[in-house]
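In case you want the letters, here they are:
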Amino acid sequence: MSAGDGDDGVRVGGDDERGDRAYHAFWADEVADRVEARDPEEPVVVKGGVSPSGVPHAGHVNEALRGYYVASVLRERDHDVRQVFTSDDRDPLRSIPYRLMTLDGEYVERDGFDVGALGRNLGRPLTDVPDPLGCCDSFGAHQTALLRQAVDAVGVPVDFYSATALYEDGAFADVAADLLARPAEVRALLAEFQDSVDADGDYWPFRPRCESCGIVTGGVRSFDADTRTVRYVCEDIEAGDRTIEGCGHEGVADLTEGKLPWRFEWPAQWAHFRVDFEPFGKDHAEGSWPSGQEIARDLLDVEPPEPLVYEWFTLDGAALSSSSGNVITAGELLELVESDALRYFFAKEPRKQRDLAVASLDGLVDEFDRFERAYFRGVDAADPDQGAAGADPATAERAYPYVLDPRRVPAAATSAADDPGTVDATLDRVAAADPDPADFGRLRAFLEGVFRERVRVPYRFAAVLGMTERADVREEIARREGHLPDDAPAWAVDLALDRVDHARAWADRTGNRFDYRVERGALPDVDVDGDVAAALAEVASVVANGGDGEAVQGELYEAADRHGVEAADVFEAGYRLFFGDDEGPRLGPFLADLDREFVVARLRRER
């Protein structure tokens, strides 16, 4: 079955085939159906957004990539799509971050920045807080720059908006004025969702920024519809378990000098951008989404967007949290895995919770490789029990062209196409999220033709190759072990070996059994007595016969026993031969992972 054919041989992708199971194997197709059912105006608007209060971690690209996949499906269906992303940077600073990050991706711990200065700015809008690292106009601008870097890193072109700029431009002023003019209706509706709001109380849906102390306060007393201003008293605000004291100032603010509470700001964003689809985490699904729908429909006369609720993923078994420091950024992950593999993680079923364990990233890359093979070969891409996006060929057929990062396709590969200029232009338009509908057909044709020759070196084997710095040795070993076909084009070899540096960085970060450097130069000058040498020679025979790691480990002990020497002496000789040191990883599995010819020759002290 070719990459573009469904189970019944029907080419997927046309309007008349959307009932076919293969067409809907990818979750983004089902979402796109629901968006189309709204009969949206063009351009269709896909939105995401986050509050940039802490280091933007990998979880923050969830909405960008989930939105991107739905946007890509809609573009392939000949819709004009606009993907927007908001940095909700008028939110008040509610706590001091556990750590910060420079724009170069370096973490800065609390002893490296002025914690007191941030503490004195609690309650103020993020864009009013001075940048503690001193490189941007404000803390909010700094965090937003990091957020943009993260979205760019995973290859999602979006129209980025600062909430502060939107407020200053009056984007939400009409909505705010409309809501403030109907306080009784607002209170009655919100009282159904928020216990702290009394339908007969004095709640006002606006948070002015105090002109005296600068905090975002809640003390609105009245609204003047003619001047579109609120009168307020600066009151205490609650930030988690902390109370930020108001200064008691009595003042007047217009509707650009403050912000809507989130339950109202979110529907205001839908109205302003005319949003058709927005993915969001389950925290919103259980909180502001139910009230947002009613606010949109009953108060703003706006249809809320088509939703997609995604489950959070954990990092090493714990929640991603900037406040606790349990974070990993998209940039850090892209040092460890190729962007295609990371994009694949976000193509998996969004309603299933998963753990992103750094120590087990090899498993994620293995899943991606099976998923990719399914696209080209039509074989099972993964064990269905793993819940992988590539559980069957139909899923891979639909999703792989969206998952593949068009920026990483080697120029030498496109040069091998029949019409390189057209392929280059197609990849450029897809990467820029400005494709013609026909571009997806051209992309699939290129993938099924020239790109079919791509090669992937297994990730753990790539980590083994990373034990040597020499590129020629890496290639030689990969060829000898059968991971680089003799007829593979040069671009495919380069693409395959690009994985080595990622796997090397993974070994360095985790300190796993691949985090060693093998002495591959001249035979080390190691004094090995006759009995130890004989034992090592017998271990070499087990390796030569294809023994696995446990078999080699057992033979190290048994050969020592047969020759009447201490096992420790055999292990020490092995460590000195391979590492130039007297200790190292568990030796048997390590030697079984290395290229067999080299290990056998070294154990026999031939080279």
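Just so it is clear, the model here is predicted, and its values are computed rather than measured.

The rules behind these values
- Residues numbered from 1 in each chain as written.
- Predicted model: local features only at pLDDT ≥ 70, side-chain atom pairs only at ≥ 80, totals over all residues.
- Heavy atoms only, no water.
- Helix = DSSP H or I, 4+ residues; strand = E, 2+ residues; numbered from the N terminus.
- Buried < 20%, exposed > 50% of the residue type's maximum accessible area, 1.4 Å probe, protein only.
- Contact = heavy atoms within 4.5 Å.
- Areas by Shrake-Rupley, 256 points an atom, 1.4 Å probe, with all protein chains shown as cover.
- 1 Å grid on protein atoms, 1.4 Å probe; cavity = no way out; pocket = protein on both sides within 12 Å on 5 of 7 lines; lining within 4 Å.
- Points joined across faces, edges and corners; volume = space filled by probe spheres on them.
- Nonpolar A, V, L, I, M, F, W, Y, C, P; charged D, E, K, R; others polar.
- Phe/Tyr/Trp six-rings, centres within 6.5 Å; stacked < 30°, edge-to-face > 60°.
- Lys NZ or Arg CZ within 6 Å of the ring centre and 35° of its normal.
- Pairing = 2+ DSSP bridges.
- Axes fitted to C-alpha atoms, helices over the stretch in contact; angles between N-to-C directions.
- pLDDT = per-residue confidence, 0-100.
- Parallel < 35°, antiparallel > 145°, perpendicular 65-115°, else oblique.
- Left-handed = near helix turned anticlockwise from the far one by under 90°.
- Polar contact = N/O pair within 3.5 Å; in protein donor to acceptor, adjacent residues only side chain to side chain.
- Disulfide = S-S within 2.5 Å.
- Salt bridge = Lys/Arg side-chain N within 4 Å of Asp/Glu carboxyl O.
- Patch = residues over 30% accessible without salt bridge, like charges linked within 9 Å, V, L, I, M, F, W, Y side chains within 5 Å.
- Lys, Arg positive; Asp, Glu negative; His and termini not counted.
- Charge placed at Lys NZ, Arg CZ, Asp CG, Glu CD.

**Section: the overall build of the chain**
Point 1. When helices and strands are counted, the chain shows 25 helices and 17 strands.
Point 2. Projecting the C-alpha coordinates of the chain onto the three principal axes gives extents of approximately 100 × 60 × 40 Å.
Point 3. Here the chain holds 607 residues, and 55% of them are scored as buried.
Point 4. The long-range share in the chain, meaning contacts at least 24 apart out of those at least 6 apart in sequence, stands at 70%.
Point 5. Entry remark: accessible area of the chain is about 24,400 Å², with carbon and sulfur atoms responsible for 43%.

**What about empty space enclosed by the protein?**
Point 1. If you walk through the whole model with that rule in mind, you get 2 cavities of 30 Å³ or more.
Point 2. Its boundaries defined by the atoms lining it, the largest cavity holds a volume of some 50 Å³.
Point 3. In terms of lining residues, the largest cavity is bounded by Asn62, Arg66, Glu311, Trp312, Phe313, Phe345, Lys352, Gln353 and Arg354.
Point 4. Across the lining of the largest cavity, the residue classes break down as 3 nonpolar, 2 polar and 4 charged.
Point 5. When its volume is computed, the second largest cavity comes out at roughly 30 Å³.
Point 6. Considering the residues around the second largest cavity, the lining is formed by Tyr68, Ser72, Arg75, Val430, Ala433, Pro435 and Phe440.
Point 7. The residue makeup of the lining of the second largest cavity, split by class, is 5 nonpolar, 1 polar and 1 charged.

**Re the packing of aromatic side chains**
Point 1. Within this structure, the stated rule accounts for 37 aromatic pairs.
Point 2. Relative to phenylalanine 451, the ring of phenylalanine 446 lies with its centre 6.0 Å away and its plane at 35°, an arrangement referred to as tilted.
Point 3. With a relative accessible area of 4%, phenylalanine 446 lands in the buried category.
Point 4. Members of the aromatic cluster, connected to one another through ring pairs, are Phe26, Trp27, Tyr68, Tyr69, Tyr402 and Phe440.
Point 5. The side chain of arginine 99 reaches across the aromatic face of tyrosine 107, ending 4.6 Å from its centre.
Point 6. Residue placement shows arginine 444 over the ring face of tyrosine 402; its charged tip is 5.8 Å from the ring centre.

**Re the sheet that holds strand β11 (residues 250–254)**
Point 1. In space, the 3 strands of this open sheet follow the order β7-β8-β11, with antiparallel pairing throughout. Bordering the open sheet on either side are β7 (220–224) and β11, each of which pairs with just one other strand. Averaged over all pairs of adjacent strands, the angle between their axes in this sheet comes to 20°, without regard to strand direction.
Point 2. As defined by bridge partners, strand β8 (residues 229–233) adjoins β11 across 5 bridges and the pair is classed as antiparallel. Bridge pairing in β11 links valine 230 to alanine 253.

**Some details on the confidence of the model for the chain**
Point 1. Summary statistics for the chain give a mean pLDDT of 91 and a share of 94% for residues scoring 70 or more.
Point 2. Across residues 1–17, where pLDDT falls below 50, the model places 33 contacts with residues more than four positions away in sequence or in other chains.
Point 3. Confidence drops under a pLDDT of 50 for residues 379–391, and excluding neighbours within four residues, the segment shows 32 contacts in the predicted structure.

**Here we look at the sheet that holds strand β17 (residues 354–356)**
Point 1. Across the sheet, which stays open at both edges, the 3 strands sit in the order β16-β15-β17 with mixed pairing between neighbours. Bordering the open sheet on either side are β16 (318–319) and β17, each of which pairs with just one other strand.
Point 2. Alignment of strand β15 (residues 313–315) against β17, held across 3 bridges, turns out to be parallel. Its bridge partner lying in β17, threonine 314 is registered against aspartate 355.

**Some thoughts on the packing of helix α22 (residues 549–562) against helix α23 (residues 567–579)**
Point 1. It is at 8 Å that the axes of α22 and α23 come closest, and there the two elements cross at 125°. Relative to α23, the element α22 is oriented oblique. Considering the relative orientation of α22 and α23, their crossing is right-handed. When α22 is examined against α23, the residues Gln553, Leu556, Tyr557 and Ala560 are found in contact with a partner set consisting of Ala567, Val570 and Phe571.
Point 2. Of the residues belonging to the contact of α22 with α23, the class tally is 6 nonpolar, 1 polar and no charged.

**Remarks on the environment of glutamate 42**
Point 1. Note that glutamate 42 resides in the loop between α1 (27–37) and β1 (44–50).
Point 2. For the pair formed by glutamate 42 and tyrosine 203, sequence separation is 161 residues and the distance between their alpha carbons is 38 Å.
Point 3. Excluding residues that lie within four positions of it along the chain, glutamate 42 makes contacts with His79, Asp80 and Arg274.
Point 4. Engagement of the side chain of glutamate 42 in a polar contact is seen with the side chain of histidine 79, the distance being 2.8 Å.
Point 5. A polar side-chain atom of glutamate 42 sits 2.6 Å from the main-chain amide nitrogen of aspartate 80.

**Some words on the side chain of aspartate 369**
Point 1. With respect to the helices and strands, aspartate 369 occurs in helix α13 (residues 361–377).
Point 2. Of the polar contacts made by the side chain of aspartate 369, one reaches the side chain of arginine 499; its length is 2.8 Å.
Point 3. Not counting residues within four places of it along the chain, the set of residues in contact with aspartate 369 comprises Arg456 and Arg499.

**Let's talk about the state of the cysteines**
Point 1. Scanning the model with the defined rule gives 0 disulfides in all.
Point 2. With no disulfide of its own, cysteine 135 lies closest to cysteine 136 among cysteine sulfurs, the gap being 3.7 Å.
Point 3. A residue is classified by how much of its surface remains accessible, and cysteine 135, at 45% relative accessible area, is partly exposed.

**Section: the side chain of arginine 602**
Point 1. Relative to the helices and strands, arginine 602 is located in helix α25 (residues 596–603).
Point 2. Given a relative accessible area of 0%, arginine 602 falls into the buried group.

**A closer look at the pattern of salt bridges**
Two side chains that carry opposite charge are able to pair once their charged atoms sit near each other.
Point 1. Here the structure, examined in full by the defined rule, presents 54 salt bridges.
Point 2. The network of salt bridges with shared partners includes Glu338, Asp340, Asp369, Glu372, Arg408, Arg454, Arg456, Asp498 and Arg499.

**Considering a negative patch on the surface**
Point 1. Negative charge collects at one region of the surface, where Asp525, Asp527, Asp529, Asp531, Glu566 and Asp569 lie side by side.
Point 2. Here aspartate 527 is to be found in the loop between α20 (490–510) and α21 (530–544).
Point 3. Note on aspartate 527: relative accessible area 78%, which makes it exposed.

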